[in-house]
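Observations on chain architecture
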Amino acid sequence: MTGIKRIIPALIALVLLGGCSKFLKRNDELIGADFYYKRGLEMVEKKDYTRAVENFQIVVDSFPGSAIVDHAQFMLGQSHFLSEEYLTAAYEFERVYRDYPSSKWAPEGHYRKALSYYMESPDARLDQENTILAIGEFNRFIDNYPRNEFVKEAQERIEELVTKLAYKEYLAADLYRKMKNYDAAIMYYNYVLEEYPRTVWAHHSRFGIGLVHYKKKEYETARTWFQLVLNAEIDNELKEDAEKMIEAIEKRTSD
């Protein structure tokens, strides 16, 4: 009997817990998607992004047929973005246009996925995997939504990121030049000219090639490269440097 007396309270507790669990589940269903959605927006306003994520996630997971589920998914990505969890944000933004392609939030979801990678783009001296991912996503966004309001901004971001990639290669070229590894320097300078001809670092690379030939005492070839810099529509400082190098060449060749 003693054993039975111990078992009965335990059984009663399990039944009560099961009943509570069912009650809570039913209570969530009665509250509905709007409650969690609005509370998520309130949490965003309060900058409590952790709780915002929790509420938007409930809408997405528990109310997939709701009319607001697409915006809840978008705000889920935005909450991670505002928390500076950019790679997680990129994943959640992708779900907006992947799972709800006809949603009005799909274009901005794609743009913000690219923007999330953009925010993860590091200093030019570091690995540029996320920079390349951002450029690819911005380009896909433009291709898919050519008339979207964010296209101009996307194009500006692409230009900025491409310039960063060019700068990374230019830094490598300049390092090899300073180490007097002139063949490697020329190779990297030429890579900048071939892959990033419209960036400012293409002009700096022409100047760098001129410096290499000057150091190798190939003065006429150096003069040609410096003249290209002088003829370009660029800032005056680099032109002044090129002009000084041409003057130095003239002094050496006139002796």
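The notes below deal with the structure included here. (Residues numbered from 1 in each chain as written. Predicted model: local features only at pLDDT ≥ 70, side-chain atom pairs only at ≥ 80, totals over all residues. Heavy atoms only, no water.)

Locating Ser79 in the fold gives a position in helix H4 (residues 69-82). The residues touching Ser79, leaving out its near neighbours within four places in the chain, are Val44, Tyr49, Ala52, Val53 and Phe56. At a separation of 2.8 Å, a polar atom in the side chain of Ser79 contacts the main-chain carbonyl oxygen of Met75. (Helix = DSSP H or I, 4+ residues; strand = E, 2+ residues; numbered from the N terminus. Contact = heavy atoms within 4.5 Å. Polar contact = N/O pair within 3.5 Å; in protein donor to acceptor, adjacent residues only side chain to side chain.)

Below, the discussion takes up the packing of H4 against helix H5 (residues 86-99). Running from amino to carboxyl end, H4 crosses H5 at an angle of 165°, the nearest separation of the two axes being 7 Å. Here H4 is positioned roughly antiparallel relative to H5, judged by the angle of their axes. In this structure, the crossing between H4 and H5 has a hand that is left-handed. Where H4 abuts H5, its residues Asp70, Gln73, Phe74, Leu76, Gly77, Gln78, His80 and Phe81 lie against Tyr86, Thr88, Ala89, Glu92, Phe93, Arg95 and Val96. Here the residues of the contact of H4 with H5 sort into seven nonpolar, five polar and three charged. (Axes fitted to C-alpha atoms, helices over the stretch in contact; angles between N-to-C directions. Parallel < 35°, antiparallel > 145°, perpendicular 65-115°, else oblique. Left-handed = near helix turned anticlockwise from the far one by under 90°. Nonpolar A, V, L, I, M, F, W, Y, C, P; charged D, E, K, R; others polar.)

Let us now look at the packing of aromatic side chains. With the rule as written, the count across this model stands at 18 aromatic pairs. With centroids separated by 5.0 Å and ring planes inclined at 35°, the aromatic side chains of Phe74 and Trp105 adopt a geometry described as tilted. Of this pair, Phe74 sits in helix H4 while Trp105 is found in the loop between H5 and helix H6 (106-119), placing the two residues 31 residues apart along the sequence. On the basis of relative accessibility, which here comes to 4%, the residue Phe74 falls in the buried class. For Trp105, a relative accessible area of 21% puts it in the partly exposed group. Ring centres 5.5 Å apart and planes at 65° place the aromatic pair Tyr214 and Tyr219 in the edge-to-face group. Through a chain of ring-to-ring contacts, three or more aromatic side chains come together here, namely Tyr111, Tyr118, Phe138, Phe141, Tyr145 and Phe150. Directly above the ring of Tyr118 sits Arg157, whose terminal nitrogen or CZ lies 4.5 Å from the centroid. (Phe/Tyr/Trp six-rings, centres within 6.5 Å; stacked < 30°, edge-to-face > 60°. Buried < 20%, exposed > 50% of the residue type's maximum accessible area, 1.4 Å probe, protein only. Lys NZ or Arg CZ within 6 Å of the ring centre and 35° of its normal.)

Let us now look at the nonpolar core. Core analysis: the biggest nonpolar cluster contains 54 residues, and Phe56, Tyr111, Phe138, Phe141 and Tyr189 have the highest contact counts within it. Among the elements that take part in this core, helix H8 (residues 151-178) stands out by supplying eight residues, more than any other. Leave out the neighbours within four places in its chain, and Phe141 touches Pro107, His110, Tyr111, Asn148, Phe150, Val151 and Ala154. Core analysis: the second largest hydrophobic core is formed by 14 residues, Leu211, Tyr219, Leu238 and Ile246 among them. (Core = buried A, V, L, I, M, F, W, Y, C linked by side-chain atoms within 4.5 Å.)

Relative to the helices and strands, Asp70 resides in helix H4. Although buried, Asp70 forms no salt bridge, and the nearest oppositely charged side chain, Lys104, lies 7.5 Å from it. (Lys, Arg positive; Asp, Glu negative; His and termini not counted. Salt bridge = Lys/Arg side-chain N within 4 Å of Asp/Glu carboxyl O.)

Our focus in this paragraph is helix H2 (residues 33-45). Here H2 is 13 residues long and its end C-alpha atoms lie 19 Å apart, about the 18 Å a rise of 1.5 Å per residue gives. Buried residues of H2: Ala33, Tyr36, Tyr37, Gly40, Met43 and Val44, and no others. Across the axial projection of H2, the buried residues extend over an arc of 120°, all falling on one side. Residues Lys38 and Glu45 are exposed on H2 and point more than 90 degrees away from its buried face. Backbone geometry just downstream of H2 places Lys47 in the positive-phi region, at approximately 65°. (Expected span 1.5 Å × (residues − 1). Arc of directions from axis to C-beta.)

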